[in-house]
Amino acid sequence: WLSGEKEEEVFTAVGLPFIPPELREDRGEIQAAEAGKLPNLIELTDIRGDLQMHTFATDGKNSIEEMARKGKEMGYDYIAITDHSKAVRIAKGLDEKALAKQFQEIDRVNQKGLGIRVLKGVEVDVLPDGSLDLKDEILKESDVVLASVHSRFNMDEKEMTRRIIKALKNPHVDILAHPTGRLLLEREPYKVNLKEMIQAAIDYGVILEINAYPDRLDLKDVDARLARDMGAKLSISTDAHSAQQMEMMKFGVFTARRGWVEARDVVNTLPLEKLQKLFQ
């Protein structure tokens, strides 16, 4: 029998480095450990900001300033306010005029010296033909643009893949939000060629989101690992609809760890200046 006071001692007894629990899925972790190639998994403390959240301007419960103050409380350097675009009528999505007004409000909040930067963002809908729900003129004014699918989930795989890739080609798109559209226990992922979608994101410099909202966890762990292995950049965001929900970041980090993701794979581990340069 092999035993020890700590798990690390058991691994040492069989000649292996410690394998974090999240990796113990029989997905090559033993071989990686033997070769000294285990990933240095991302930690919650690596996260410098949250790049998807919603305010009461659409379907959230708090103001921009309240979200910013919560981000500061969590030790973040920045947050992005990314309310919905007009196609999401159920969420009172913003048109170009309303979004421009919100950007002015973000400027006012930033002028208050809260010790955290609020980025001007939007979660813009990918329409069925692959075009975006807002004009390029307003997207150009954004610090960060998330594109996402919220309709016509029943497209066949070729159609959906073509739709998403067309959206990724838009030079203003920075992040593909909840890339497979699943809702746990409610909706299956839409049919999409995952490898083609990931490769297109790499080709067009678009980041793939790991959505930390417990109903989503999308990308899921194995998809996040595929994206990482292919060389894609990732973000981990909460999709918070209240200040309190910003604390759900841990669920995204847990999912990323199961996907072998390291801090260097995730853009919102970067300091603000480097992140802004990346988006530019």
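What you see is a predicted model, and the numbers here were worked out from it, not measured in a lab. (Residues numbered from 1 in each chain as written. Predicted model: local features only at pLDDT ≥ 70, side-chain atom pairs only at ≥ 80, totals over all residues. Heavy atoms only, no water.)

S.K.: Teacher, can you tell me more about the overall build of the protein here?
M.R.: Each helix and strand counted, the protein has 10 helices and 7 strands in total. Over its C-alpha atoms the protein spans a radius of gyration of 19 Å, differing by no more than 12% from the 19 Å that the globule rule assigns to 280 residues. Overall size of the protein, expressed as C-alpha extent along the three principal axes, is 70 × 45 × 35 Å. Within the span of the protein, comprising 280 residues, buried residues form 52% of the whole. When the accessible surface of the protein is summed, it comes to about 13,700 Å², and 48% of that surface belongs to carbon and sulfur atoms. Measuring between centres, the 41 positive side-chain charges of the protein sit 4 Å from its 49 negative side-chain charges. (Helix = DSSP H or I, 4+ residues; strand = E, 2+ residues; numbered from the N terminus. Rg over C-alpha atoms; globule rule 2.2 N^0.38 Å. Buried < 20%, exposed > 50% of the residue type's maximum accessible area, 1.4 Å probe, protein only. Areas by Shrake-Rupley, 256 points an atom, 1.4 Å probe, with all protein chains shown as cover. Lys, Arg positive; Asp, Glu negative; His and termini not counted. Charge placed at Lys NZ, Arg CZ, Asp CG, Glu CD.)

S.K.: Which parts of the structure should I look at to understand the environment of Gly259?
M.R.: Of note, Gly259 is situated in the loop between helix H9 (249–258) and helix H10 (272–279). Leave out the neighbours within four places in its chain, and Gly259 touches Asp221, Ala224, Arg225 and Arg228. (Contact = heavy atoms within 4.5 Å.)

S.K.: What exactly am I supposed to notice about unusual backbone geometry here?
M.R.: Only a minority of non-glycine residues have a phi that is not negative, and only a minority of peptide bonds are not trans. With an omega of 15°, the peptide bond between Asp218 and Leu219 qualifies as cis. Within the fold, Leu219 resides in the loop between strand E6 (207–211) and helix H8 (221–230). The backbone of Asp239 shows a phi angle near 60°, a positive value even though the residue is not glycine. The class for Asp239 is buried, based on a relative accessible area of 4%. Positive phi is not limited to glycine here, since Trp260 has a value of about 65°.

S.K.: What should I look at first to understand the pairing of strand E4 (residues 144–148) in this one?
M.R.: Buried residues dominate E4, accounting for 5 of its 5 residues. Residues Val144, Leu146 and Ser148 point to one face of E4 and Val145 and Ala147 to the other, with burial holding for every one of them. Pairing of strand E3 (residues 117–125) with E4, which is carried by 5 bridges, proceeds in the parallel orientation. Note that in E4 the partner of Asp125 across the bridge is Ser148. Two strands pair when backbone bridges link them, and E4 and strand E5 (residues 175–176) are joined in this way by 2 bridges, in the parallel orientation. Looking at the pairing, Ala147 lines up with Leu176 of E5. With respect to chirality, the unit in which E4 leads through helix H6 (residues 157–168) into the neighbouring parallel E5 is right-handed. (Pairing = 2+ DSSP bridges. Right-handed = clockwise from strand over helix to strand, strands pointing away.)

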